[in-house]
Amino acid sequence: MILVVGMSHRTAPLAVRERFALTEEARCLLLSELQASDCIEEVLVVSTCNRVEVITAVGADLESATGDIFAALGASGMEQHFYVHSEQDALRHLFRVAASLDSLVVGEAQILGQLKAGFEQARTVGTIGPALHRAVSRAFRVAKRVRTETTLGAGQVSVPSVALELASQIFGEFKGCAVVLVGSGDMAETIARLLHQSGAKLSVLGRNLQRAREVAQRADGEGRSFAELDAALVDADILITSTSAPHFVIERERMKRALRARRGRSLFIIDVAVPRDVEPSINELDSVYLYNVDDLSSVVSRSLADRQREASGAERVVAEELLAFGRWAEAQSVTPVVRALHSRVEGVLVAELERTLRGRLRHLGESDRAALQKMMEAAANKLLHAPTAALRRAALERGDELDTLTQWTGELYSLDESADAVESADAVDAVDAADAVDSAPTTALPEDLKS
C-alpha cells in the first residue's frame, strides 16, 4: 500500500516549509531512520523549495506508519500543515506531482528531476523495493505522456522564469541593469541562462569561485567570490539569491550598511531559496523591495487561465494511468494463482511422462523423448489457456467474480498442495508475471496503455 505524507506551498507558508527543508545528508539520515520502522517497507523522500514529501510502501497499519513519519520529521504540533494520502489517493497525488500539476508554477520541469533525484538517492541507500519501483516508474511515465501529449510545459516555465518576469514588470528590460546572482547551483544556472543576451550586467557570487565563474560565463557575466558580497550589494539594481545555506546569507545589519553607501538608490531583491537567504525584516528598510517564493504566486495566478486548458489534458493522462496501474494491482492478486495453476498441471504431466519413459516407452531415443516433451508442453498450454484467460479477464475488469474464480480454481486443481512453492517464489517473477497481465488487450484503454 502506498502512503504519502508531506507539505507544500498549498498547505504551509514559507516560514513553516523552511523549517522542514532537508539537505542531501539529512534526506539520507531520514531514509535510514524510516527504513528501521516496523510499519514501513519502502521509502523515498522528495525535498524542494516548495514541498517535502515522504513516499512509502507500508503494510496495513497506516496510522502507525504515519506516526513514525511525523516523529522522524520532528513534526509534533505542526501536523495541520501536512497532508496524508493513501492507496489510490496517494498514487493520484504522486502522478500529479510528477506531471507538475501540483507545482507553484504548473508545467515547470524541475519537479520531475527532483523526484528522479529522490528516487535515485533512495535506491542508493537501499530503501526502494518492487512496490515503489513500480509506482514511481509509472509516475515518470505520466510525466512523459503529459510532456508529449500536451503543451503544458511548453516554453520556459519555472520558478526562475517567474522571478525574472516579476523583475521585468518593475524594470521593463534588463539592458544596463546590474543583476547580482548569489548562489551557483542549478537554480542559479537556470536564472543565468534566462538572462543570457538580456543586456544585463550579470555578476554571480558563490563560495566556490570556479563554479561561480562557470555559471557566469554561460551568460557573458562575471564570476566573483562570496567575499565580495558587501560590494555587490552596493552595486546591484536587482539581487537574486538562491543558495542552499541553512541560515540568512544577507542580514538586516549588512543591508543597512550597504544602503548607506547606495545613497537612496532602490534595490529590488528576489529570494528564491528555501530556507530563505534574506532576513525578512529587510523589507521594512527604505528603498528595498523584497520578494520570496510565496510572493511569486501572484505572478503565476495571472497566467494560470492560459494553462488551464492544457492542465485538463494532463489530468486526463493521470486518470488513464491510474486505471492502468489499478489493472496491474489487480493482476498481482491473480499472479500467484496463475503460477500455482501452471505449476500444478505441468508437475502432474511431467511426473506421468517421466514414469512412462521409465516403463513402456523406455526404448525411445533422445529425439523422440524431446518431441514427446514438446507435445506435453503444448498440451499443458492448451489445457491452461481457458482458466488462465478467465482469471486475467476478471483481473482486467476488476469484477466481483475474481475472488470466486480464484477460490474455485484452487479447489478444482488442488492448488493448496503447491502453495509452499508459490509463497517462496521470487518477488521479481511476480512483478514480471503481473506485467504480462497488464499488457493483455482491452478496448477500455488507449493503445499506449496496453503495455
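Quick notes on the rules
Residues numbered from 1 in each chain as written. Predicted model: local features only at pLDDT ≥ 70, side-chain atom pairs only at ≥ 80, totals over all residues. Heavy atoms only, no water. Helix = DSSP H or I, 4+ residues; strand = E, 2+ residues; numbered from the N terminus. Buried < 20%, exposed > 50% of the residue type's maximum accessible area, 1.4 Å probe, protein only. Areas by Shrake-Rupley, 256 points an atom, 1.4 Å probe, with all protein chains shown as cover. Phe/Tyr/Trp six-rings, centres within 6.5 Å; stacked < 30°, edge-to-face > 60°. Lys NZ or Arg CZ within 6 Å of the ring centre and 35° of its normal. Pairing = 2+ DSSP bridges. Right-handed = clockwise from strand over helix to strand, strands pointing away. Axes fitted to C-alpha atoms, helices over the stretch in contact; angles between N-to-C directions. 1 Å grid on protein atoms, 1.4 Å probe; cavity = no way out; pocket = protein on both sides within 12 Å on 5 of 7 lines; lining within 4 Å. Points joined across faces, edges and corners; volume = space filled by probe spheres on them. Nonpolar A, V, L, I, M, F, W, Y, C, P; charged D, E, K, R; others polar. Parallel < 35°, antiparallel > 145°, perpendicular 65-115°, else oblique. Left-handed = near helix turned anticlockwise from the far one by under 90°. Contact = heavy atoms within 4.5 Å. Arc of directions from axis to C-beta.

(A) The arrangement of the overall build of the protein chain in detail. The secondary structure content of the protein chain amounts to 16 helices and ten strands. Burial statistics for the protein chain: of 451 residues in total, 49% are counted as buried. Of the roughly 22000 Å² that the protein chain leaves accessible, carbon and sulfur atoms contribute 50%.

(B) Local environment of the packing of aromatic side chains. Enumeration according to the criterion identifies five aromatic pairs in this entry. Taking the centre distance of 6.3 Å and the plane angle of 75° together, the rings of F95 and F325 count as edge-to-face. One end of the pair, F95, is in helix α4 (residues 87–98); the other, F325, is in helix α12 (residues 297–358), with 230 residues separating them in the sequence. Assigned by exposure class, F95 and F325 land together as buried. Within the aromatic cluster, the residues linked to one another by ring pairs are F20, F70 and F82. Sitting over the ring of F140, K116 keeps its end group 5.6 Å from the ring centre. Its end group placed over the ring of F226, R207 keeps NZ or CZ at 4.0 Å from the ring centre.

(C) Representation of the pairing of strand β5 (residues 178–182) within the structure. Taking burial as the measure, the five residues of β5 include five buried ones, the bulk of the element. With five bridges joining them, β5 and strand β6 (residues 201–206) adopt parallel strand pairing. What sits directly across from V179, in β6, is L202. Handedness of the β5-helix α8 (residues 186–195)-β6 crossover: right-handed. Pairing of β5 with strand β8 (residues 238–241), which is carried by four bridges, proceeds in the parallel orientation. Residue pairing in the sheet places V179 in a bridge with I238 of β8.

(D) Broad picture of the sheet that holds strand β9 (residues 267–271). Taken together, the six strands give an open sheet; going across it, the order is β7-β6-β5-β8-β9-β10, and neighbouring strands pair in parallel fashion. For this open sheet the edge positions go to β7 (222–225) and β10 (288–292), each flanked by a neighbour on one side alone. Strand-to-strand twist in this sheet, taken as the mean axis angle between neighbours without regard to direction, amounts to 20°.

(E) Representation of empty space enclosed by the protein. As enumerated under the stated definition, the model contains one cavity of 30 Å³ or more in all. If you add up the space inside the largest cavity, you get close to 40 Å³. Forming the boundary of the largest cavity are M7, R17, F20, A21, S47, T48, R51, V52 and V274. Along the lines of polarity and charge, the residues of the lining of the largest cavity split into five nonpolar, two polar and two charged.

(F) Region of the structure containing the packing of helix α5 (residues 110–125) against helix α6 (residues 130–149). Their axes nearest at 11 Å, the elements α5 and α6 cross at an angle of 160°. If you check the angle between α5 and α6, you find them roughly antiparallel. Where α5 crosses over α6, the two elements pack in a sense that is left-handed. Where α5 abuts α6, its residues L112, L115, K116 and F119 lie against L132, H133, V136, F140, A143 and R147. Of the residues in the contact of α5 with α6, the class split is seven nonpolar, one polar and two charged.

(G) Local environment of helix α11 (residues 252–262). All of the buried residues along α11 are R254, M255, A258, L259 and R262. The arc that holds every buried residue of α11, seen down its axis, measures 135°, which confines them to one face. In this fold, the buried residues of α11 make contact with α10 (229–235), β9 and β10. Residue R263 follows α11 closely and has a positive phi angle near 55°.

(H) Structural detail: the side chain of T66. Within the fold, T66 resides in helix α3 (residues 62–73). Under the relative-accessibility criterion, T66 is labelled buried at 12%. With residues near it in sequence (within four places) discarded, T66 still touches L3, V5 and V84.

(I) Representation of the packing of α4 against α6. Closest axis-to-axis distance for the α4/α6 pair is 8 Å, and the angle between their directions is 45°. Here α6 runs oblique to α4, going by the angle between their axes. Considering the relative orientation of α4 and α6, their crossing is right-handed. Along the contact surface, α4 presents L91, L94, F95 and A98, while α6 presents A135, V136, R138, A139, V142 and A143. Taken together, the residues of the contact of α4 with α6 sort by class into nine nonpolar, no polar and one charged.

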